[in-house]
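Residue-level structure breakdown
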Number of protein chains: 2
Amino acid sequence: MSETNVASVPPGKREQTKAANRQAILDAARAVFAELGYGATTVRDIIRRTGLASGTFYNYFRSKEEVFQALMDESALRIRPRLKEERLKAKTFEGFLHGMFAVFFTYVLEDNHGYEMMRANTGAIRVRMDTPEVIAGFEELRVDIDSGIARGVIPDVDAEYLTASLIGIAFEMADRIVTRDDPDPEEAARFATELVVGGIAKVAAGG
Amino acid sequence: MSETNVASVPPGKREQTKAANRQAILDAARAVFAELGYGATTVRDIIRRTGLASGTFYNYFRSKEEVFQALMDESALRIRPRLKEERLKAKTFEGFLHGMFAVFFTYVLEDNHGYEMMRANTGAIRVRMDTPEVIAGFEELRVDIDSGIARGVIPDVDAEYLTASLIGIAFEMADRIVTRDDPDPEEAARFATELVVGGIAKVAAGG
DNA sequence: AACGAAACGTGACGATCCGTCAATTTCTCC
DNA sequence: GGAGAAATTGACGGATCGTCACGTTTCGTT
């Protein structure tokens, strides 16, 4: 036997360069998006920075939009495990919320590279893309809320509106946090958590 | 005296067609944005629908982005008076919030033409533009919150985070409302209002 | 090691869009 | 009416788009 007694297949030069090229394009795209904004960047801007030929880009992605989606998915894949971990160790609904907000705000701050990407420098346009991975994250949240309501840990309120509110608060507050002089994700998470916890109680009480 | 005994200047053909052309471009843009999505539409798509020459577009707007901004401003100008009215007749903070949310959700529903504009049909990209008029609306809200806190009508919480939360809740909930089978802006406004009112109380209480 | 097939990178190509501008038409005012 | 300002027009150079035929690299086989 020459090789592959291990289950994993040896890389193979073909797949190596393929993965390298794909990553090179993603890295270049991240940089260019952050520099020019999503709206102003062109496929050529991205591929130029990699040294590859223009046609090669289309072997990996179908459009600028699709690279952006891949980058969003990358982010979502990085943050979802942290959210899951937080979710598992939460004993109370309040702890659950606080963990989620804190992880999200912290991530956005340490990553703001990727967050600035969503702002088109020209004008005041903001782009947001709900990719499959992002949506999956939203749905995990939604499932936990449904389950929390079913188990009586969360008061019986409109789960869709609640999920939407959490997402809206998280994204809009994140936007303010990254522009603060001395951002404090912990403080922000406390604010958001108490807002929601106190709010739900009142919603459930029916006024 | 031939004319203009009234203070108002007679229209004048020049200004007439100018206003007509501008409006034609705006109307065409609204239709095309709603049809193709913001990302996919080109200046040519817009101008083609008006029958004007391509060069004429640039006599009125500098770019696709600027037409979009004009459309957003139009919307903001339409809704701000309604919000102001609601704000003036509000006796309590709760009434204030409820009025704002109800007006906003109702507007979004009856206008969803303009709301769909923000969705790029291709993929799941959403664009949002905070134009001067929109920002002015946000700041009016912020000012009222600051004032409410100063007068003791609103508990003393972080006004920036509170404003952000309101905006986040409003936009994200609006997104869900327009996709519901039988949308009820009143119910949604009640949810949002109680969420915030109850939440603020808890935030102010400090846990 | 040599070979053939398949996969991949390359850059040129036609189509389209961008923003500009000189020529032309339309309006205003004397 | 007619001079002059203002606005419209469409063609132009520059650039991007997505495709495709071609050349090169890799892989499995003999």
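Residues numbered from 1 in each chain as written. Chains lettered and ligands numbered in written order. Predicted model: local features only at pLDDT ≥ 70, side-chain atom pairs only at ≥ 80, totals over all residues. Heavy atoms only, no water.

Bringing helix 9 (residues 185-205) of chain A into the picture now. Residue and element names in this part refer to chain A. Over its 21 residues, helix 9 extends 30 Å from the first C-alpha to the last, a length consistent with the 30 Å expected when each residue adds 1.5 Å. Where burial is concerned, most of helix 9 is hidden: 15 out of the 21 residues are buried. One side-chain oxygen at the N-terminal end of helix 9 lies 3.1 Å from the backbone nitrogen of E186; it belongs to D184. Following helix 9 by one or two positions, G206 has its phi on the positive side, about 80 degrees. (Helix = DSSP H or I, 4+ residues; strand = E, 2+ residues; numbered from the N terminus. Expected span 1.5 Å × (residues − 1). Buried < 20%, exposed > 50% of the residue type's maximum accessible area, 1.4 Å probe, protein only. Polar contact = N/O pair within 3.5 Å; in protein donor to acceptor, adjacent residues only side chain to side chain.)

Attention now moves to the packing of helix 8 (residues 159-177) of chain A against helix 8 (residues 159-177) of chain B. For the pair helix 8 of chain A and helix 8 of chain B, interaxial distance at closest approach is 7 Å and the crossing angle is 135 degrees. Classified by the angle between their axes, helix 8 of chain A and helix 8 of chain B sit oblique to one another. By crossing handedness, the relation of helix 8 of chain A to helix 8 of chain B is classed as right-handed. Contacts from E160(A), Y161(A), A164(A), S165(A), I167(A), G168(A), I169(A), E172(A), M173(A), R176(A) and I177(A) of helix 8 of chain A reach helix 8 of chain B at E160(B), Y161(B), A164(B), S165(B), I167(B), G168(B), I169(B), E172(B), M173(B), R176(B) and I177(B). For the contact of helix 8 of chain A with helix 8 of chain B, a count of residues per class yields 12 nonpolar, four polar and six charged. (Axes fitted to C-alpha atoms, helices over the stretch in contact; angles between N-to-C directions. Parallel < 35°, antiparallel > 145°, perpendicular 65-115°, else oblique. Left-handed = near helix turned anticlockwise from the far one by under 90°. Contact = heavy atoms within 4.5 Å. Nonpolar A, V, L, I, M, F, W, Y, C, P; charged D, E, K, R; others polar.)

Near DNA strand C lie 19 residues; those nearest to it are K18(A), N21(A), Y60(A), R14(B) and Y58(B). Take the atoms of DNA strand C that sit within 4 Å of the protein: sugar and phosphate atoms are 66% of them. For DNA strand C, a base oxygen lies 2.8 Å from a polar atom in the side chain of R44(B). Among the secondary structure elements, those contributing two or more residues to the surface near DNA strand C are helix 1 (13-36) and helix 3 (54-60) of chain A together with helix 1 (13-36), helix 2 (43-48) and helix 3 (54-60) of chain B. It is helix 3 of chain A that provides the largest number of residues to the surface near DNA strand C, a total of five residues. Counted by class, the surface near DNA strand C contains five nonpolar, eight polar and six charged residues. (Near = heavy atom within 4 Å.)

For the rest of this paragraph, the subject is the protein's contact with DNA strand D. Near DNA strand D there are 19 residues, and of these R44(A), Y58(A), N21(B), T56(B) and Y60(B) occur at the shortest range. Near-protein atoms of DNA strand D (within 4 Å) split between backbone and bases, with sugar and phosphate holding 62%. The contact in question runs from a phosphate oxygen of DNA strand D to an N or O atom on the side chain of R48(A), over 3.4 Å. N59(B) places a side-chain nitrogen or oxygen 3.2 Å from a phosphate oxygen of DNA strand D. For the surface near DNA strand D, the elements supplying multiple residues, two or more each, are helix 1, helix 2 (43-48) and helix 3 of chain A together with helix 1 and helix 3 of chain B. It is helix 3 of chain B that contributes the most residues to the surface near DNA strand D, five residues altogether. When the residues that make up the surface near DNA strand D are grouped by side-chain class, the tally is five nonpolar, eight polar and six charged.

Where burial is concerned, most of strand 1 (residues 125-129) of chain B is hidden: five out of the five residues are buried. In strand 1 of chain B, alternate side chains face the same way, and those of I125(B), V127(B) and M129(B) on one face and R126(B) and R128(B) on the other are all buried.

For any pair of aromatic rings, the description rests on two quantities: the centre-to-centre distance and the angle between the ring planes. Under the criterion given, the structure shown has 22 aromatic pairs over all chains. Taking 5.9 Å as the distance between ring centres and 20 degrees as the angle between the ring planes, the aromatic pair formed by F101(B) and F105(B) counts as stacked. Placement of the pair is F101(B) and F105(B) together in helix 5 (residues 93-110), with a separation of four residues, close to one helical turn. Overall, F101(B) belongs to the buried group, its relative accessible area being 5%. Judged by its relative accessible area of 1%, F105(B) is buried. By way of ring pairs, the aromatic residues F101(A), F104(A), F105(A), F138(A) and F171(A) are connected into one cluster. (Phe/Tyr/Trp six-rings, centres within 6.5 Å; stacked < 30°, edge-to-face > 60°.)

Nothing here speaks to function; it is geometry throughout.
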